[in-house]
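Each chain is listed here by its residues.
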Amino acid sequence: MKNKIFLLFLSCFFFCFYNVNLSAGCNLLIQTGAEQIDEMKKLTQGKRVGIVVNQTSVLGEDKVHLLDALLAEKVNVAKIFVPEHGFRGTADAGATIKDSKDQKTGLPVISLYGKNKKPTTTQLADLDVILFDLQDVGTRFFTYISTMHYVLEACAETDKYCVILDRPNPNDFVDGPVLKKGFTSFVGMHAIPVLHGLTVGELALMINQEGWIGTGKNSCKISVVKVVNWKHGQPYSLPVKPSPNLPNDQAITLYPSLCFFEATPVSIGRGTYFPFQVIGYPDPSFGEFSFTPETLPGFDTNPLQKGKTCYGVDLREVDFPGGLSLQFILDFYEKMGKDPKKFFTRPEWFDLLSGEKRLREQITRGMTEEQIRASWQEELEEYKQMRKKYLLYPDYNDLSRQ
């Protein structure tokens, strides 16, 4: 009996070890690129270093910031670049981020959000290598990957070396319409689906090798420091929220499906402590659940439908499997009387988020989710074939999803 118990324990141990991140207990076995300190030291030895970081750039249980870890290892960090939401990740979506100095180290902090989305030649002149360490959430319209695009482009133009410190993708699916020509913006810069199914390291290789960085024949000198003990499709819980309005795993999981509401008058909980986990509109006929968006520092200071009681649905405890669902947007379009002018209050923004005009037109024509999905399949298959060339990690489920 004792031998059986021991063997059962041993089996459970090895199951946990080789299938990391199934639970919080196994989460620590995953090592992000930023946690490969020795590898980073080799790549930066004797070089002047710039880092692209924010509040997600942390290491280990203690959540030591990458900047502090590098300085402790005597890496010559000379400059900090920051994306949307700023160095500490507290600025509202779309808020202007200004240049400043880090109070702790005195290092210059250069904003890459606002007028200056791309490092200038002058800003890169005194640097040899750029370390990029931002946590993506796997969606085309999450702007950290747009920042990465411009960093790669600037490095290619100035012959600087770029090192991508890779992190797992918490929304690791391939789904949604592929961005079309004419719909490029900071919330969609590449011909990829809404859910691209790549890590930032893999996406950087794709952007570079597909010639998308806009520098003609020039390509960027890239290295990717890979994640250890992670596979595609493996669950991953982020240690810190990647942006002010994605406070937990449920919000991150629902984000790809609910972000389309940003182009409508329907609230998705900005101005509450549960953004991207509820849906509502100031009309009691929309549902029994209610919430009232308010000014909320650290989340949103000027939310949609501020001060108005919104009625709708509570998704905080819903067992949502992940991926992209159109059912939420279709349901609320129907609740608003299928009135395109009333529902699509920012039609151009909806088109930029979806990467095409077709999705909005399909919704207004009354097409079902199945019919809309069928229209994506040929482009998704072409994308999946291209994606195969850039995969750095095996498939967790050992399926033919790749």
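It should be emphasised that the depicted structure is a prediction, and the values quoted were computed from it without experimental measurement.

Draft legend 1. Main features of the overall build of the protein. Helices and strands together make up the secondary structure of the protein, namely twelve helices and 14 strands. A total of 402 residues make up the protein; the buried ones form 55% of that total. Approximately 17,800 Å² of the protein is accessible, and the part contributed by carbon and sulfur atoms is 52%.

Draft legend 2. Fine view of the nonpolar core. Ranked by internal contacts, the top residues of the largest apolar core, which has 84 residues, are Leu152, Phe260 and Phe261. For this core, the element with the most residues is helix α5 (residues 144-158), which contributes eight residues.

Draft legend 3. Representation of the sheet that holds strand β11 (residues 221-225) in the model. Strand order in the open sheet made by the seven strands is β5-β6-β4-β1-β7-β8-β11, with mixed pairing throughout. The strands lining the two open edges of the sheet, one partner per strand, are β5 (100-101) and β11. Pairing analysis gives four bridges linking strand β1 (residues 49-52) to strand β4 (residues 77-82), with the strands arranged parallel. Pairing of Ile51 across the sheet is with Ile80, part of β4.

Draft legend 4. Here's a closer look at the environment of Ser325. Position of Ser325 among the secondary structure elements: in the loop between β14 (310-314) and α8 (327-335). Spatially, the C-alpha atom of Ser325 lies 8.3 Å from that of Glu369, the residues being 44 residues apart in sequence. Apart from residues no more than four positions distant in its own chain, Ser325 is found in contact with Ser257, Phe320, Glu369 and Arg373.

Draft legend 5. Structural context of empty space enclosed by the protein. Throughout the structure, instances matching the rule amount to one cavity of 30 Å³ or more. In this structure, the largest cavity encloses a volume near 40 Å³. Grouping the constituent residues of the lining of the largest cavity by class yields four nonpolar, three polar and two charged.

Draft legend 6. Main features of the environment of Glu294. With respect to the element layout, Glu294 can be found in the loop between β13 (289-291) and β14. For Glu294, a relative accessible area of 39% puts it in the partly exposed group. As for Glu294 and Gly271, which are separated by 23 residues in sequence, their C-alpha atoms are 4.8 Å apart. In contact with Glu294, other than residues within four places in its own chain, are Gly271, Asp300, Pro303, Lys306 and Gly307.

Draft legend 7. Inspection of the sheet that holds β13 at higher detail. The antiparallel open sheet is built from three strands, whose spatial order is β12-β14-β13. The two strands at the open ends of the sheet, each matched to only one other strand, are β12 (278-281) and β13. Averaged over neighbouring strand pairs, the angle between their axes works out to 40 degrees when direction is ignored. Of the strand pairs in this sheet, β13 and β14 are connected by three bridges, and their pairing is antiparallel. Paired with Ser290 across the bridge in β14 is Tyr311.

Draft legend 8. Seen up close, the pattern of salt bridges. Throughout the structure, instances matching the rule amount to 21 salt bridges. A salt bridge links Asp300 to Arg270; its shortest N-O distance comes to 3.5 Å. You can see Asp300 sitting in the loop between β13 and β14 and its partner Arg270 sitting in the loop between α7 (249-258) and β12, a full 30 residues away along the chain. Exposure class is identical for Asp300 and Arg270. Each is buried. When the shortest N-O distance is used, the salt bridge between Lys384 and Glu381 registers 3.7 Å. Of the two residues, Lys384 and Glu381 are both situated in helix α12 (residues 369-388); the distance of three residues between them amounts to about one turn of the helix. One connected set of salt bridges, linked through shared partners, spans Lys180, Glu356, Arg358 and Glu379.

Draft legend 9. Quick peek at the packing of aromatic side chains. Considering all chains together, one arrives at 21 aromatic pairs under this definition. Between the aromatic rings of Trp230 and Tyr393, the centroid separation amounts to 5.4 Å while the plane-to-plane angle is 75 degrees, which identifies the pairing as edge-to-face. Of this pair, Trp230 sits in the loop between β11 and α7 while Tyr393 sits in the segment after α12, and the two are 163 residues apart along the sequence. Tyr393 shares its class with Trp230; the two are buried. Between the aromatic rings of Phe320 and Phe328, the centroid separation amounts to 5.8 Å while the plane-to-plane angle is 50 degrees, which identifies the pairing as tilted. Phe328 shares its class with Phe320; the two are buried. Residue placement shows Lys117 over the ring face of Tyr113; its charged tip is 5.7 Å from the ring centre. Its end group placed over the ring of Phe299, Lys241 keeps NZ or CZ at 4.0 Å from the ring centre.

Analysis parameters
Residues numbered from 1 in each chain as written. Predicted model: local features only at pLDDT ≥ 70, side-chain atom pairs only at ≥ 80, totals over all residues. Heavy atoms only, no water. Helix = DSSP H or I, 4+ residues; strand = E, 2+ residues; numbered from the N terminus. Buried < 20%, exposed > 50% of the residue type's maximum accessible area, 1.4 Å probe, protein only. Areas by Shrake-Rupley, 256 points an atom, 1.4 Å probe, with all protein chains shown as cover. Core = buried A, V, L, I, M, F, W, Y, C linked by side-chain atoms within 4.5 Å. Pairing = 2+ DSSP bridges. Contact = heavy atoms within 4.5 Å. 1 Å grid on protein atoms, 1.4 Å probe; cavity = no way out; pocket = protein on both sides within 12 Å on 5 of 7 lines; lining within 4 Å. Points joined across faces, edges and corners; volume = space filled by probe spheres on them. Nonpolar A, V, L, I, M, F, W, Y, C, P; charged D, E, K, R; others polar. Axes fitted to C-alpha atoms, helices over the stretch in contact; angles between N-to-C directions. Salt bridge = Lys/Arg side-chain N within 4 Å of Asp/Glu carboxyl O. Phe/Tyr/Trp six-rings, centres within 6.5 Å; stacked < 30°, edge-to-face > 60°. Lys NZ or Arg CZ within 6 Å of the ring centre and 35° of its normal.

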